[in-house]
Amino acid sequence: MFVVTLTYLTDLDRVDETLPDHLSWLDRQYADGIFLASGRRVPRTGGVILAAGVDRAELDARLATDPFAARGLAGYEVTEFVASRVADGLERMREG
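To keep things clear, this report deals only with the structure shown in the data block.

Conventions we followed
- Residues numbered from 1 in each chain as written.
- Predicted model: local features only at pLDDT ≥ 70, side-chain atom pairs only at ≥ 80, totals over all residues.
- Heavy atoms only, no water.
- Helix = DSSP H or I, 4+ residues; strand = E, 2+ residues; numbered from the N terminus.
- Rg over C-alpha atoms; globule rule 2.2 N^0.38 Å.
- Buried < 20%, exposed > 50% of the residue type's maximum accessible area, 1.4 Å probe, protein only.
- Salt bridge = Lys/Arg side-chain N within 4 Å of Asp/Glu carboxyl O.
- Core = buried A, V, L, I, M, F, W, Y, C linked by side-chain atoms within 4.5 Å.
- Contact = heavy atoms within 4.5 Å.
- Polar contact = N/O pair within 3.5 Å; in protein donor to acceptor, adjacent residues only side chain to side chain.
- Pairing = 2+ DSSP bridges.

1. Remarks on the overall build of the chain
Tallying secondary structure elements over the chain gives 3 helices and 4 strands in all. Order of helices (α) and strands (β) in the chain, N terminus to C terminus: β-α-β-β-α-α-β. Relative to the 2.2 N^0.38 estimate, which gives 12 Å for 96 residues, the radius of gyration of the chain is 14 Å and therefore close to what a compact globule would have. By principal-axis analysis of the C-alpha atoms, the chain measures approximately 40 × 25 × 20 Å. Here the chain, with 96 residues, has 32% of them falling under the buried criterion.

2. Details of the pattern of salt bridges
A complete count under the given rule lists 5 salt bridges for this structure. Among the ionic pairs, Asp60 bridges to Arg56, the shortest N-O distance being 3.0 Å. Placement of the pair is Asp60 and Arg56 together in helix 2 (residues 56–64), with a separation of 4 residues, close to one helical turn. Overall, Asp60 belongs to the partly exposed group, its relative accessible area being 33%. With relative accessibility at 38%, the residue Arg56 sits in the partly exposed group.

3. A closer look at unusual backbone geometry
The omega torsion across Val42 and Pro43 is 0°, close enough to zero to call that bond cis. Secondary-structure assignment places Pro43 in the loop between strand 2 (35–40) and strand 3 (46–51).

4. Topic: the nonpolar core
Across soluble globular proteins, nonpolar side chains have a tendency to be buried as a group. Within the largest apolar cluster, 19 residues are counted, with the highest numbers of intra-cluster contacts made by Val4, Phe35, Ile49, Leu59 and Phe68. When residues of this core are traced back to their parent elements, those giving at least two are strand 1 (2–8), helix 1 (12–31), strand 3, helix 2 and strand 4 (74–80). In this view, Ile49 contacts Phe2, Val3, Val4, Leu6, Trp25, Leu26, Phe35, Ala37 and Ser38; residues no more than four positions away in its chain are not counted.

5. A word on the side chain of Thr18
For Thr18, the position within the fold is in helix 1. One polar contact links Thr18 to Arg71, side chain to side chain, over a distance of 3.4 Å. Contact partners of Thr18, with chain neighbours within four places excluded, come to Pro67, Phe68, Arg71 and Leu73.

6. Things to note about the pairing of strand 1
The alternating pattern of strand 1 places Phe2, Val4, Leu6 and Tyr8 on a buried face, while none of Val3, Thr5 and Thr7, on the opposite face, is buried. Two strands pair when backbone bridges link them, and strand 1 and strand 3 are joined in this way by 6 bridges, in the antiparallel orientation. In the strand pairing of strand 3, Thr5 is matched with Val48. Sheet analysis places strand 1 next to strand 4, joined by 7 bridges and oriented antiparallel.

Listed below in structure tokens is the structure:
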């Protein structure tokens, strides 16, 4: 599983202009079953994505197609971890 932290590299006006395209991109990742959760950071300096079901190379390839990445609006930090315990109802997130 991966935690992806996005950090905006530009002002929020440019981010907001691209947000509809980013949301469409998110929809495709959810439809593929890769993204488990996503949302804004507080304060609004970027976002966070939980992803699973792909290896790091595939995730990096997908992130590169995010309109925020393609337009140079956000940087990405990817942290891989193994969820050994999860709350009831989140068993899909547990690995191994």
